[in-house]
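# Structural features, examined
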Amino acid sequence: MRSFVHQAQAQRIVFGVGAIASIGAELDRMNVGSAVVLSTRGQAQLAGRLAGLLGDRAVAQLPVAVPHTPVEVTERTLAVVRGHQADAVVSVGGGSTTGLGKAVASRLGIKHLVVPTTYAGSEVTPVLGETSGGEKTTRSSPDILPDTVLYDVQLTTTLPWSVTVTSAVNAVAHAVEALYATDASEQTDELAVEAIGSLVSGLRALRSDRDSIDARDQLLFGAWLAGRCLGAVGMGLHHKLCHTLGGAFDLPHAATHTVVLPFAMAYNEPAAPAAMSRIAAAMDTDHAPSAVQSLVRDLGGPTALRDLGFADADIGRAADLAVAHAYPNPRAVTRAGVAELLHRALDGDPVRPTSGTVNGG
Ligand code: NAD
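Within every chain, residues take consecutive numbers counted from 1 along the sequence as written. The model is predicted, so local features are restricted to residues of pLDDT at least 70 and side-chain atom pairs to those at 80 or more, both for listing and for counting; the totals for chains, interfaces and linings are taken over all residues. By convention in this description, side-chain values take in all heavy atoms of the structure and omit both hydrogens and water.

### Remarks on the site of the ligand
Near, as used in this document, describes a residue that has one of its heavy atoms within 4 Å of the molecule or strand being considered. The environment of the ligand is formed by 20 residues, the closest being T40, S96, T117, T118 and T125. Here a polar contact means two N or O atoms within 3.5 Å. Within protein one must be a hydrogen donor candidate and the other an acceptor candidate, and residues neighboring in sequence count only if both atoms are side-chain atoms. Side-chain polar atom of T40 to an oxygen atom of the ligand: 2.7 Å apart, as the coordinates give it. Contact between the ligand and K136: an oxygen atom at 3.0 Å from a side-chain N or O atom of the residue. Each helix is a run of DSSP H or I of at least 4 residues and each strand a run of E of at least 2, with the numbering of both proceeding from the N terminus. If one sorts the elements of the shell around the ligand by residue count, helix α4 (residues 95–108) sits on top with 3 residues. Only Asp, Glu, Lys and Arg are considered charged, only Ala, Val, Leu, Ile, Met, Phe, Trp, Tyr, Cys and Pro nonpolar, and every remaining residue, Gly among them, polar. Class assignment of the residues belonging to the shell around the ligand gives a composition of 6 nonpolar, 12 polar and 2 charged.

Right, here's the structure in full:
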């Protein structure tokens, strides 16, 4: 018999090549008279282009977003937004910029329009991770979910190759963990399988033609679907471990996801055989964890944690932190198991099919 919880999310999505041309009309629809435009420093020029489309409605442009949403940056941004009495923030960029926009809009109760330029998926989740005093905390609330998202495929064509690969694999990870989430439903399963198919075929197509706009379209569409998975169900070992490695060891977000994913999948494989079969089918392969690892290798993406700055001496503390709080995962998460996983990921050992099944915990 069926049994699930579905929380409908009120959010407007506009998707397509050239979608940013409708930004003025979208702000009209949201009754926004003035907005502050946020970005990273590297994307200040693009943010300036968007501010130009807004005309007088863009009251300030702040290229101050950085990874992990430090509270000090949020506070400085809040002061500017309050000073202008702006009734919206417009976030243009990846998960770092969207995080800042969420932190500001949710604190002030103002509107938030996001123009995503990576595949992180944060724009469609009600989740916000923030850092203060070196510690990262995450909270979830309906008022964190942005009001409107403009997905413009054209804006992703400037993504450097390395970010394209790692950001797309970050999105694949959301869909992978959704398939074995304890609160998964038939609907999230379908979303996840479609996300994996779209992301993997987008990456394969881009490998043979790096200028393919169709491949970029598949990636951005897959990122939207995967982001919805992330927003809908609880994530497991892979996301918790990457959160630990990013928060406590300052490893880069998307690259860490890219290295860890095949190892986390191999760890969970014996306890989630049905999910692994669905992932393998979506990738048109026999063994999902090794297919993910080969894909990353073929694309020139990172495969070893050592290359990201993680060292043998960090394994013990990382394993302690990863098991400090219990969370749902198909296979019991043990300190020894996590330490072994990290040992393998340190040098990017090849992942291999595991025989037999084990019970979850
Ligand atoms: P990012 O936003 O830090 O972007 C990576 C780099 O790429 C930045 O330097 C940015 O300026 C640049 N960039 C982005 N788009 C570009 C483009 N189209 N062309 C050229 N350069 C571009 O990285 P990210 O992986 O998108 O986001 C990571 C952050 O998002 C982390 O802090 C992570 O925790 C958070 N995140 C949150 C959620 C959530 O639901 N709350 C989900 C995913 C990620």
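### Quick word on the pattern of salt bridges
Salt bridges are identified by distance alone: a Lys or Arg side-chain nitrogen within 4 Å of an Asp or Glu carboxyl oxygen. Using the criterion set out here, one finds 10 salt bridges in the structure. For R335, the salt bridge is made with D320, and the minimal N-O distance between the two is 2.6 Å. Here D320 lies in helix α12 (residues 315–322) and R335 lies in helix α13 (residues 335–346), a separation of 15 residues in the sequence. With a relative accessible area of 39%, R335 lands in the partly exposed category. Each of R107, E130 and R139 takes part in a single network of salt bridges with overlapping partners. When a residue's accessible area, from a 1.4 Å probe over protein chains only, is under 20% of the maximum for its type it is buried; when over 50% it is exposed; and in between it is partly exposed.

### Regarding the sheet that holds strand β2 (residues 35–38)
A sheet is described by the order of its strands in space; here 6 strands give the open sequence β1-β8-β5-β4-β2-β3, paired in parallel fashion. Where the open sheet ends on each side, the last strands, each with one partner, are β1 (12–15) and β3 (58–62). Averaged over all neighbouring strand pairs, the angle between strand axes comes to 15°, with direction disregarded. Strand pairing is defined by DSSP finding a minimum of two bridges between the two strands. In this structure, β1 lies alongside strand β8 (residues 148–151), joined through 4 bridges in parallel fashion. When the sheet's bridge partners are listed, R12 is paired in β8 with T148. Note on contacts: a residue pair qualifies if any of its non-hydrogen atoms lie within 4.5 Å across the two residues. Lines fitted to C-alpha atoms define the axes, with helix axes restricted to the stretch in contact, and inter-axis angles between N-to-C directions lie between 0 and 180 degrees. Against the sheet, α4 makes contact with β2, β4 (88–93) and β5 (111–116), and its axis sits at roughly 170° relative to β4, the strand it touches most. Against the sheet, helix α7 (residues 213–232) engages β1 and β8, with an angle of about 170° to β1.

### Quick notes on the layout of surface pockets
Roughly 710 Å³ of volume is contained in the second largest pocket. Only protein atoms enter the 1 Å grid, on which a cavity is a set of points fitting a 1.4 Å probe that cannot get out and a pocket is an open set with protein on both sides within 12 Å along at least 5 of 7 lines, lining residues being those with an atom within 4 Å of a point. Forming the walls of the second largest pocket are 27 residues, and the residues nearest its centre are H6, Q7, A8, Q9 and A232. For the lining of the second largest pocket, the elements supplying multiple residues, two or more each, are α6 (186–208) and α7. The element best represented in the lining of the second largest pocket is α7, accounting for 4 residues. Tallied by class, the residues present in the lining of the second largest pocket amount to 14 nonpolar, 10 polar and 3 charged. For the lining of the second largest pocket, the two domains that each supply at least three residues are domain 1 (4–156) and domain 2 (162–346). Grid points are joined across faces, edges and corners, and a volume is the space filled by probe spheres set on the points. For each domain, the first and last residues come from an automatic or database assignment.

### A look at the domain arrangement of the chain
Here the chain is partitioned into domain 1 (4–156) and domain 2 (162–346). Between the C-alpha centres of domain 1 and domain 2 the distance comes to 25 Å. For any pair of parts, buried area is found by adding up, for both, the accessible area (1.4 Å probe) each one loses once the two are put together. Summed over both sides, the interface between domain 1 and domain 2 buries roughly 1,900 Å², with carbon and sulfur atoms accounting for 67% of that surface. There are 0 salt bridges connecting domain 1 and domain 2. For the side of domain 1 that touches domain 2, the elements supplying multiple residues, two or more each, are β1 and β7 (135–140). Of the residues assigned to the side of domain 1 that touches domain 2, the class counts are 10 nonpolar, 10 polar and 2 charged.

### With respect to the packing of aromatic side chains
Stacked, tilted and edge-to-face are the three classes assigned to paired rings of Phe, Tyr and Trp, where Trp is represented by its six-membered ring and a pair needs centres within 6.5 Å; plane angles under 30 degrees give stacked, over 60 edge-to-face, the rest tilted. Counted by the stated rule, this structure contains 4 aromatic pairs. Geometrically, the ring pair formed by F15 and F221 is edge-to-face, given 6.0 Å between the ring centres and 90° between the ring planes. Residue F15 is located in strand β1, and its partner F221 is located in helix α7; the two are separated by 206 residues in the primary sequence. Ring centres of F249 and F310 lie 5.4 Å apart, and the angle between their planes is 80°; this geometry places the pair in the edge-to-face category. With F249 in helix α8 (residues 237–249) and F310 in the loop between α11 (288–298) and α12, this residue pair connects regions lying 61 residues apart in the sequence. Across the pair, F310 and F249 agree in class, each one buried.

### Overview of empty space enclosed by the protein
On inspection of all chains with the given rule, the structure shows 2 cavities of 30 Å³ or more. Its volume calculated, the largest cavity comes out at about 40 Å³. Lining the largest cavity are V169, V172, V200, M283, V292, L295 and V296. At the level of secondary structure, the elements contributing two or more residues to the lining of the largest cavity comprise α5 (161–179) and α11. With 3 residues, the top contributor of residues to the lining of the largest cavity is α11. Residues belonging to the lining of the largest cavity are distributed by class as follows: 7 nonpolar, no polar and no charged. Taken together, A65, V66, T69, P70, V73, T74, S96 and L100 form the lining of the second largest cavity. Elements with a contribution of two residues or more to the lining of the second largest cavity: α3 (71–83) and α4. Taken together, the residues of the lining of the second largest cavity sort by class into 5 nonpolar, 3 polar and no charged.

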